[in-house]
Amino acid sequence: MTHVPVMTAEILQYLRPEQGGLFIDCTVGLGGHSRALLDAGATRMIGLDRDLDALARAGETLAPWRDRVELVHADYRAIADVLDARQIAFVDGALADLGVSSMQFDAPGRGFSFQRDEPLDMRMDRSQGDTAADFVARATEGELADTIFQYGEERFSRRIARALVETRRDTPVTSTAQLAAIVRRSIPRRGYMRIDPATRTFQALRIWVNRELEGLDRFLEVAASRLRGGARLAVITFHSLEDRIVKHTLRALEQRDALVKVLTKKPLTPAEDEVQRNPRARSAKLRVAERMA
C-alpha cells in the first residue's frame, strides 16, 4: 500500500522549510508531507492525527528523524492545547491536509469505501464516537435527508433517506455493500454516470461521523494566530464544502482582522502529471496564508 502525499512540491515552495524551524503537521496521516519538510530542512516537526493506525505508520515513515519529531494522538482542532501543553507560543509553519488518506480508504474494515463489503464504520478515530451504522440506525428520516443533502450535496437525499428508513424496519443497515445498494436503487439512472451513485451519500455520512466541518473556521483562526510573523499556513481540501470554509475564513482573517495575507487568491490545484501519477489528487485544492509581521 503506497501513500502518495498530495501537492508536496507546492507545500515545500510555500512553507519554505529550508529556513529551518518548528513546523506542525496538523493531520500527519502517514507522514509523507512531514518527511518532505524534514528532508528539505525543517528543524523539528510536531505531527497530530486522530487516527492511531495512521500515527503508527507515520512513526515508521519518520523513524530516521525520530529525535526531531513528536507524534501526538489529537484532532487538528486541538492545536492550541497541543502547543500550550509544550509551552510553544509560535511555530514557523503549519499544514493541514484535510482529506481522507489512501490508507483509510484502502485498509480493510474501516468502512470508508464501497469497493468492498465491510462494517459501516467511517470513524477516523476508532477510539471514540458513533459509527456511520449508529447514525443510520437511529437518525430520523428528516435528519438522514438533511445530512445527505447538506454534506453530500445529493439532490435525491429524500429518496435515499426514505429507503434507508424502510430497509432498517426489517434489517439493520450495517455494511458498506448494503448502504451502497440502497442508495443505487434510490437514484434514477439516466445514461452514463461519471461517479458511482453512492459516492455523495458515503461522503455525507463520513463528514457527519468525523464532524469534518465543525470548528474548521475556528481551527484556521487559531492556527494562523500561532504562526510567527512571516510564517505560513497551508491547507489542502478535497471537496467544495471544506474549500468554501477555508476560502471565506482566510479572507476574513485578511480583510477583517489583518492577521494574515492570503497568498493564493485562487486555490492551487495539482499539476496534470501529478493527477496522472496519483488520480486521487485530482480534487485537491491548496490555499496558503502568511502571518503578518
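Preceding this section is the structure that the text describes.
Residues numbered from 1 in each chain as written. Predicted model: local features only at pLDDT ≥ 70, side-chain atom pairs only at ≥ 80, totals over all residues. Heavy atoms only, no water.

In space, the 7 strands of this open sheet follow the order 3-2-1-4-5-7-6, with mixed pairing throughout. Two strands close off the open sheet at either side, each with one partner strand: strand 3 (69-73) and strand 6 (260-262). Geometrically, the sheet is characterised by an average inter-axis angle of 15° between neighbouring strands, direction not taken into account. Across 6 bridges, the pairing between strand 5 (residues 232-237) and strand 7 (residues 285-291) is antiparallel. Note that in strand 7 the partner of Val235 across the bridge is Arg287. Against the sheet, helix 3 (residues 52-61) touches strand 2 (44-49) and strand 3, its axis set at about 170° to strand 3. Taken strand by strand, helix 11 (residues 216-225) contacts strand 4 (93-97), strand 5, strand 6 and strand 7, and its axis lies near 155° from that of strand 5. (Pairing = 2+ DSSP bridges. Helix = DSSP H or I, 4+ residues; strand = E, 2+ residues; numbered from the N terminus. Axes fitted to C-alpha atoms, helices over the stretch in contact; angles between N-to-C directions. Contact = heavy atoms within 4.5 Å.)

Let us look at the side chain of Ser113. By secondary structure assignment, the location of Ser113 is in the loop between helix 5 (102-106) and helix 6 (132-138). Among the polar contacts listed, one links the side chain of Ser113 to the backbone nitrogen of Gln115, at a separation of 3.0 Å. Residues in contact with Ser113, not counting those within four places in the same chain, are Phe105, Glu118, Thr176 and Phe202. (Polar contact = N/O pair within 3.5 Å; in protein donor to acceptor, adjacent residues only side chain to side chain.)

Okay, the pairing of strand 4 next. Walk down a regular strand and you will see the side chains alternate between the two sheet faces. Burial within strand 4 is extensive, with 5 of its 5 residues counted as buried. Every second residue of strand 4 is oriented toward a common face, with Gly93, Leu95 and Asp97 on one face and Ala94 and Ala96 on the other, all of them buried. Here strand 1 (residues 22-25) runs beside strand 4; their pairing, made up of 3 bridges, is parallel. When the bridges of strand 4 are listed, Asp25 appears paired with Leu95. The pairing of strand 4 with strand 5 spans 4 bridges and is classified as parallel. The residue bridging Asp97 from the neighbouring strand is Ile236, located in strand 5. (Buried < 20%, exposed > 50% of the residue type's maximum accessible area, 1.4 Å probe, protein only.)

Shape is all these values report; function is a separate question.
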